[in-house]
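Structural features, examined
Chain residues, written in single-letter form:
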2 protein chains.
Amino acid sequence: MNCVYVNSPFFAGMERNAFIWHSAEYHGVMDNITVIGIRGLPIIHEGDDIASLICKKQALRDGDILSIASTIYSKSKGYTKPLASITPGERAHRLAKLNGEDPRFVQAVLDASADIIMEHPFILSELAFGHIGVRAGVDQSNIEDGMVIFLPPDPMNAADSFRADIKNISGKDIGVIITDTCGRSFRRGQTGNAIGWSGMTAIRDFRGDVDLFGHVLKITEEAVVDEIAGFANFVMGESNNGVPAVVFRNCPRWSGHDSLYFSKTEDITRNLLKKEVA
Amino acid sequence: MNCVYVNSPFFAGMERNAFIWHSAEYHGVMDNITVIGIRGLPIIHEGDDIASLICKKQALRDGDILSIASTIYSKSKGYTKPLASITPGERAHRLAKLNGEDPRFVQAVLDASADIIMEHPFILSELAFGHIGVRAGVDQSNIEDGMVIFLPPDPMNAADSFRADIKNISGKDIGVIITDTCGRSFRRGQTGNAIGWSGMTAIRDFRGDVDLFGHVLKITEEAVVDEIAGFANFVMGESNNGVPAVVFRNCPRWSGHDSLYFSKTEDITRNLLKKEVA
């Protein structure tokens, strides 16, 4: 059983978040989604309880999806390091020269990587949890000078525990998406991607569905967590916008699975890039 | 000068879409965004005036962003073909055998392609307008049996003229994004991408911006049209959902540029894939 929120003229005057329970076969009610950028959070430091800070700024409702930037999660958990504490090794020195970067920063990227997929013009690597990203997602923005921020080492677990924190504080059962900004093939510009999620599946799976003309669909998998993370990133902005958390209210529900990352054998781009490095 | 819409407690009782004009330096007001999936549109055929059909279903406001699925635009303009009318050539026969597809469908894909980047396990190609997509975006879903739908041959022009149609019908000055669903490297599942846009730039450009700590940003380009198109695709759903148009109300404004597609020389993935085909 899935559920949708109701916000149609039929239900005017009723509580907006009244539930209608329905089976997965039912594609009925769809109503306006509200997207709320949470402003006014303080700059986050290690030990800060960001779940509490968010709940103080924004009342949440059952069924909301809360998207947070990985940077604030990592800062609150202390997944940061002073560059001065990092001793670059031989490979870091070589790649730093090749790419024109600080060898200590490059060492941080190597330390965060489970597998280097490309060395130049920038390091592209796979993290232990399956995500492939430029410079392993290690960031020098929005943190004090001389510090680097790492992605959470286990973002699925991070999303689960953050979701539990919200439940404990507010009593509300929400979904959580932790985002990072990533480049992509073929198209310029970064977009937000999901690196951790809880309370939903990554992929909406249409297998067995038919289209408007009764054909069984060939394309059956939609990466909805990335589509939501992307829009969250648009609302967050970069730079000094100061909107590290975004609430999505009244989203349609979906069902599917969590196999968001290709396996090594099926990932065509990864294999070609690896061949070049080898 | 940019502008934002105002929907905060300060402005309660005022017209929701009152404008506040401000300079690009001002990152002030950000308020809730409303996302409206337009339901109840009929199945679209050649000659249908989809701008009128949408305006009848949903009142638009100045500053709204309207995202439409490329399929309905293409059907309304007759960018479709019966498979029976297509005579496959030698390459189509070869690739059809290689990939287990209908040779007439493969010929349609080749006809729609300006450059074939990968032949197997599926055709990946570049279209004349710069987009790189699986099977050149040629689609057999949500159309009558034995028919294929092509992407609009000039989707930027399509977005401009669709935007002008909306202005003529409703008097409202909106932004338009035409979407397609696309796979990507490294991550399973399709997401919505923008193939045409009007009334906005594809990329939000942060060059010269500083972060919360005063550092000049290294990462300066965000592909906001794709982030919006992705969320539109989430709201649309696939299959028999019947939501081919989505309105975004009250989005923050941005400035930037339209160079969404990499040039051939700078596109690392494209060059590696091409090397394999050659």
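Above this note sits the structure.
In short, a report on the structure.

The rules behind the values
- Residues numbered from 1 in each chain as written.
- Chains lettered and ligands numbered in written order.
- Predicted model: local features only at pLDDT ≥ 70, side-chain atom pairs only at ≥ 80, totals over all residues.
- Helix = DSSP H or I, 4+ residues; strand = E, 2+ residues; numbered from the N terminus.
- Buried ≥ 20, exposed ≤ 12 C-beta atoms within 10 Å, placed from the backbone.
- Contact = placed C-beta atoms within 7 Å.
- Nonpolar A, V, L, I, M, F, W, Y, C, P; charged D, E, K, R; others polar.
- Pairing = 2+ DSSP bridges.
- Arc of directions from axis to C-beta.
- Least-squares fit on C-alpha atoms with pLDDT ≥ 70 in both.
- Core = buried A, V, L, I, M, F, W, Y, C linked by C-beta atoms within 7 Å.
- Axes fitted to C-alpha atoms, helices over the stretch in contact; angles between N-to-C directions.
- Parallel < 35°, antiparallel > 145°, perpendicular 65-115°, else oblique.
- Left-handed = near helix turned anticlockwise from the far one by under 90°.

Let us now look at the overall build of chain A. Within chain A, the secondary structure is distributed over 7 helices and 15 strands. For chain A, with 278 residues in total, the buried portion stands at 47%. Within chain A, counting contacts between residues at least 6 apart in sequence, those at least 24 apart form 60% of the total.

Quite often, the size of an interface is put as the accessible area lost when its parts meet. Each partner contributes residues to the interface: chain A has 64 residues there, and chain B has 64 residues. Those elements that provide at least two residues to the side of chain A that touches chain B are β3 (33-38), β11 (191-198), β13 (221-222), α6 (224-236) and α7 (268-277) of chain A. With 9 residues, α6 of chain A is the single largest residue contributor to the side of chain A that touches chain B. The class makeup of the residues in the side of chain A that touches chain B is 27 nonpolar, 21 polar and 16 charged. The sheet contact formed by β3 of chain A and strand β3 (residues 33-38) of chain B spans 3 bridges and is antiparallel. By the bridge assignment for β3 of chain B, I33 of chain A is matched with V35 of chain B.

With that settled, consider helix α1 (residues 50-57) of chain B. All names here are of chain B. Taken as a whole, α1 has its buried residues at I50, A51 and I54. Angular distribution of buried residues about the axis of α1 spans 105 degrees; they occupy a single face of the element. As for α1, its buried residues are in contact with β3, α2 (70-77), α5 (155-170) and β14 (245-249).

Our focus in this paragraph is the relation of the copies chain A and chain B. Rotating chain A by 180 degrees and moving it 0.0 Å along the rotation axis overlays it on chain B with an RMSD of 0.0 Å. As the rotation angle and translation indicate, the two copies are arranged about a two-fold axis. Considering only C-alpha atoms, the part of chain A nearest the rotation axis is T34 of chain A, at 2.4 Å.

As a further point, take the nonpolar core. The biggest cluster of nonpolar side chains holds 138 residues, and the ones touching the most others in it are I228 of chain A together with I228 of chain B. Among residues more than four places away in sequence, those in contact with I228 of chain B are F231 and F234 of chain A together with I65, S67, I177 and F248 of chain B.

We now examine the sheet that holds β13 of chain A. Adjacent strands of a sheet form backbone hydrogen bonds with each other and so pair up, either parallel or antiparallel. Residues and elements named next belong to chain A. Pairing within the open sheet is antiparallel, and its 3 strands lie in the order β13-β12-β15. Edge strands, defined here as strands with exactly one partner in the open sheet, are β13 and β15 (256-257). As paired elements, strand β12 (residues 203-205) and β13 share 2 bridges and run antiparallel to each other. Across the sheet, R204 pairs through a bridge with E222, a residue of β13.

What follows concerns the environment of A59 of chain A. All names here are of chain A. Its location among the elements puts A59 in the loop between α1 (50-57) and β4 (65-69). On the neighbour-count criterion, A59 (11 C-beta atoms within 10 Å) is exposed. Sequence separation of A59 and K77 is 18 residues, and the distance between their C-alpha atoms is 24 Å.

Residues and elements named next belong to chain A. Burial within strand β14 (residues 245-249) is extensive, with 5 of its 5 residues counted as buried. The two faces of β14 match: A245, V247 and R249 on one face and V246 and F248 on the other face are all buried. Two strands pair when backbone bridges link them, and β3 and β14 are joined in this way by 5 bridges, in the antiparallel orientation. Across the sheet, residue I38 finds its bridge partner in β14, namely A245. Bridge analysis of β4 against β14 gives 4 bridges, and the strand direction is antiparallel. Paired with S67 across the two strands is V246, which belongs to β14.

This part is about the sheet that holds β11 of chain A. With mixed pairing, the 10 strands of this open sheet are ordered in space as β11(A)-β10(A)-β4(A)-β14(A)-β3(A)-β3(B)-β14(B)-β4(B)-β10(B)-β11(B). Strands at the two margins of the open sheet, each flanked by one partner only, are β11 of chain A together with β11 (191-198) of chain B. Taken pair by pair, the neighbouring strands of this sheet meet at an average axis angle of 25 degrees, ignoring direction. On the sheet, helix α6 (residues 224-236) of chain B packs against β3 and β11 of chain A together with β3, β4 (65-69), β10 (175-182), β11 and β14 of chain B and is oriented at approximately 120 degrees with respect to β11 of chain B.

Helix-helix packing is characterised by the crossing angle of the two axes and by the distance between the axes. Between α6 of chain A and α6 of chain B, whose axes approach to 8 Å, the crossing angle comes to 135 degrees. When the axes of α6 of chain A and α6 of chain B are compared, the pair comes out oblique. The handedness of the crossing between α6 of chain A and α6 of chain B comes out as left-handed. On α6 of chain B, the residues that touch V224, D226, E227, I228, G230, F231, N233 and F234 of chain A of α6 of chain A are V224, D226, E227, I228, G230, F231, N233 and F234 of chain B.

Residues and elements named next belong to chain A. H120 connects to P121 through a cis peptide bond whose omega is 10 degrees. Position of P121 relative to the elements: it lies in the loop between β6 (115-118) and β7 (124-126). The backbone phi angle of N250 is positive, close to 85 degrees, even though this residue is not glycine. According to the C-beta neighbour criterion, N250 is buried, with 22 such atoms within 10 Å.

Relative to the helices and strands, R184 of chain B resides in the loop between β10 and β11. Between the C-alpha atoms of R184 of chain B and G133 of chain B, which are 51 residues apart in sequence, the distance is 9.0 Å. Ignoring sequence-local partners within four residues, the contact set of R184 of chain B consists of R184 and S185 of chain A together with T191 of chain B.

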